[in-house]
Amino acid sequence: MSTAAAYALSTPEGTFEKVTVERREPGPHDVLIDIAYAGICHSDIHTARNEWGRTRYPCVPGHEIAGTVAAVGAAVGKFAVGDRVGVGCMVGSCGVCGPCLADEEQYCARGTVMTYNSAVDPSVQAEGHTLGGYATQIVVTEDFVLSIPDGIGLDVAAPLLCAGITLFSPLRHWGAGPGKKVAIIGMGGLGHVGVKLAAAMGAEVTVLSHSLSKQEDGVRFGARHYYATSDKQTFRDLRNSFDLILNTVAADLPIDNYLRLLALDGTLVVLGLPDQPMSVRSFTIAGLRRSLAGSMIGGIAQTQEMLDFCAAHGIGAEIELIAADEIDGAYERVVASDVRYRFVIDAATM
């Protein structure tokens, strides 16, 4: 075992404290990564504060990890010391079920090993739970390590490992591109990356945000249209308009109203995770053959495709860099929607 500095919560109501965590010694197929940056995702907050009811403590969040390779196992063939790499939401899966064989490891039938707060894979560690990227180092099997192209800074690449793939996957799956009208609900940490990606794919992008306060940014990111959903006229003007709507917010929205904005055979994809069940009228879906769907991140192969796409199109997250001792304050600001657009922790401050 080796050790790394990390920031952890020991109780749901606590504050982050600097701790020392153990990392396994790299096995034959493992990669030891010196973490440079770790993004803060809203799911980090839900988990750290036990808002989803299944948190293991101590909790070291972080699944938007960017850094460089410090060491590799004897059988590693994909990476070498010094390579720029990233780790996203997953660090393991069974590798033999249908979803895994289809490069959809996030839907592993036997259960994906998540980067933090997940039971460890007994084949690599005897006991405990995974500890994430709010740390100076991490050890990950090479199959779950991504290559970060030189065209993206490590700091703005870190959020792409979750926010980027969360938007890229449904955009690819539902065929966003030239001739398609795509709407993004919300322009926060997820939504702003979605606007950039959809625009780069050639789609006609519309932002549906509560207010017009970020309209200038939205246009700069590639949106052609920007509407305030607090204005009831928006829902009248845009009925039957979109081929694809991606909902990035976790608020309890009147989802039926948004479904009515879909054109024939349009799909609304849920990416944010609201607390309450959604209410949908059957006639809304039956009319114009609309669909309500969900999506969860993307597989490793598609995540690499996303990173390569972002490098080719000059896409990175819009970030605010913080020191490790600012995590608690950053959490409060994320909850208050007071960040443009993603907090990233500088691991050098640990």
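The model shown is predicted, which means the values in this text are computed figures rather than measured ones.

**Student:** Explain the overall build of the protein to me, please; I cannot follow it from the model alone.
**Tutor:** Scanning the protein from terminus to terminus reveals 11 helices and 17 strands. Whereas a compact globule of 350 residues would reach a radius of gyration of roughly 20 Å, the protein reaches 20 Å, a difference of no more than 12%. Taking all 350 residues of the protein together, the buried fraction comes to 53%. Taking as baseline every contact in the protein between residues at least 6 positions apart, the subset at least 24 positions apart corresponds to 66%. In the form shown here, the protein has an accessible surface area of approximately 14,700 Å², with 50% of it arising from carbon and sulfur atoms. The average position of the 26 basic charges and that of the 39 acidic charges among the side chains of the protein differ by 10 Å.

**Student:** Where do I start with the nonpolar core in this structure?
**Tutor:** Side chains of a nonpolar character, in soluble globular proteins, are inclined to be buried together. Core analysis: the biggest nonpolar cluster contains 92 residues, and Ile-40, Tyr-134, Leu-171 and Leu-197 have the highest contact counts within it. Leaving out residues up to four positions away in the same chain, Leu-171 has contacts with Ala-176, Val-182, Gly-194, Leu-197, Ala-198, Met-201, Leu-244 and Leu-246.

**Student:** So what exactly am I meant to see when it comes to the side chain of Glu-105 here?
**Tutor:** Inspection of the secondary structure puts Glu-105 in the loop between α2 (98-101) and β7 (113-114). Here Glu-105 is buried and forms no salt bridge, its nearest opposite-charge partner Lys-78 lying at an N-O distance of 8.2 Å. Each residue touching Glu-105, except ones within four places of it in the same chain, is listed here: Met-90, Ser-93, Pro-99, Cys-100, Thr-112, Phe-144, Gly-299 and Ile-300.

**Student:** Sorry if this is basic, but what is going on with the packing of aromatic side chains here?
**Tutor:** Centre distance and the angle of the planes are the two values used to describe a pair of aromatic rings. For the structure on display, the rule yields five aromatic pairs. Summarising the aromatic geometry, the rings of Phe-16 and Tyr-331 are spaced 5.3 Å apart at their centres and angled 85° between planes, so their arrangement reads as edge-to-face. Highlighted residues: Phe-16 in the loop between β1 (2-8) and β2 (17-23) and Tyr-331 in helix α11 (residues 327-335), separated in sequence by 315 residues. Accessibility classification places Phe-16 together with Tyr-331 in one group, the buried group. The structure contains a cluster of three or more aromatic residues connected by ring pairs, namely Phe-16, Tyr-134 and Tyr-331.

**Student:** In this structure, what is going on with the packing of helix α4 (residues 163-173) against helix α10 (residues 300-313)? I would like to understand it.
**Tutor:** Orientation of α4 relative to α10, taken along the N-to-C sense of each, is 100°, at an axis distance of 10 Å. One element, α4, and the other, α10, form an angle in the roughly perpendicular class. Contacts from Gly-164, Ile-165, Phe-168, Ser-169 and Arg-172 in α4 reach Gln-302, Thr-303, Glu-305, Met-306 and Phe-309 in α10. Class assignment of the residues belonging to the contact of α4 with α10 gives a composition of four nonpolar, four polar and two charged.

**Student:** Just checking my understanding: could you explain α10 for this structure?
**Tutor:** Three or four residues apart is the spacing at which side chains of an α-helix point the same way, because the helix has 3.6 residues per turn. Between its terminal C-alpha atoms α10 stretches 20 Å, which fits the 20 Å expected from 14 residues at 1.5 Å a residue. Taken together, the buried positions of α10 are Ile-300, Gln-302, Thr-303, Gln-304, Met-306, Leu-307, Phe-309 and Cys-310. Buried-residue contacts for α10 involve β6 (90-92), β9 (146-147), α4 and α5 (191-200). With its phi angle positive at about 65°, Gly-314 sits one or two positions after the end of α10.

**Student:** Explain the sheet that holds strand β10 (residues 181-185) here, please?
**Tutor:** Spatial ordering of the open sheet is given by β12-β11-β10-β13-β14-β15, a layout of six strands whose pairing is parallel. Edge strands, defined here as strands with exactly one partner in the open sheet, are β12 (225-228) and β15 (291-294). For this sheet, the mean angle separating the axes of adjacent strands, direction not counted, is 20°. One ladder, built from four bridges, connects strand β14 (residues 262-270) with β15; its direction is parallel. Within β15, the residue paired with Val-269 across the bridge is Ala-293. Sheet strands in contact with α4 are β10, β13 (242-247) and β14, and its direction is about 160° off that of β13.

**Student:** It is not clear to me how the pattern of salt bridges should be interpreted in this structure. Could you clarify?
**Tutor:** A pair can form between side chains of opposite charge whenever their charged atoms are brought close. Taken as a whole and judged by the stated rule, the model has 14 salt bridges. Across the pair Asp-217 and Arg-340 runs a salt bridge, and its minimum N-O distance is 3.2 Å. Placement of Asp-217 in helix α6 (residues 215-221) and of Arg-340 in the loop between α11 and β17 (342-346) is noted, with a sequence separation of 123 residues between them. Overlapping salt bridges, with partners in common, bring together Asp-217, Arg-220 and Arg-340 in one network.

**Student:** Help me understand the packing of α4 against α5 in this model?
**Tutor:** A pair of packed helices is characterised by two quantities: the angle between their axes and the separation of those axes. Two numbers describe how α4 lies on α5: the axes approach to 9 Å, and their chain directions differ by 45°. As far as their axial angle goes, α5 and α4 are oblique. When the axes of α4 and α5 are compared, the crossing they make is right-handed. Residues Ala-163, Gly-164, Leu-167, Phe-168 and Leu-171 of α4 touch α5, and the partners they reach there are Val-193, Gly-194, Leu-197 and Ala-198. Along the lines of polarity and charge, the residues of the contact of α4 with α5 split into seven nonpolar, two polar and no charged.

Calculation notes
- Residues numbered from 1 in each chain as written.
- Predicted model: local features only at pLDDT ≥ 70, side-chain atom pairs only at ≥ 80, totals over all residues.
- Heavy atoms only, no water.
- Helix = DSSP H or I, 4+ residues; strand = E, 2+ residues; numbered from the N terminus.
- Rg over C-alpha atoms; globule rule 2.2 N^0.38 Å.
- Buried < 20%, exposed > 50% of the residue type's maximum accessible area, 1.4 Å probe, protein only.
- Contact = heavy atoms within 4.5 Å.
- Areas by Shrake-Rupley, 256 points an atom, 1.4 Å probe, with all protein chains shown as cover.
- Lys, Arg positive; Asp, Glu negative; His and termini not counted.
- Charge placed at Lys NZ, Arg CZ, Asp CG, Glu CD.
- Core = buried A, V, L, I, M, F, W, Y, C linked by side-chain atoms within 4.5 Å.
- Salt bridge = Lys/Arg side-chain N within 4 Å of Asp/Glu carboxyl O.
- Phe/Tyr/Trp six-rings, centres within 6.5 Å; stacked < 30°, edge-to-face > 60°.
- Axes fitted to C-alpha atoms, helices over the stretch in contact; angles between N-to-C directions.
- Parallel < 35°, antiparallel > 145°, perpendicular 65-115°, else oblique.
- Nonpolar A, V, L, I, M, F, W, Y, C, P; charged D, E, K, R; others polar.
- Expected span 1.5 Å × (residues − 1).
- Pairing = 2+ DSSP bridges.
- Left-handed = near helix turned anticlockwise from the far one by under 90°.

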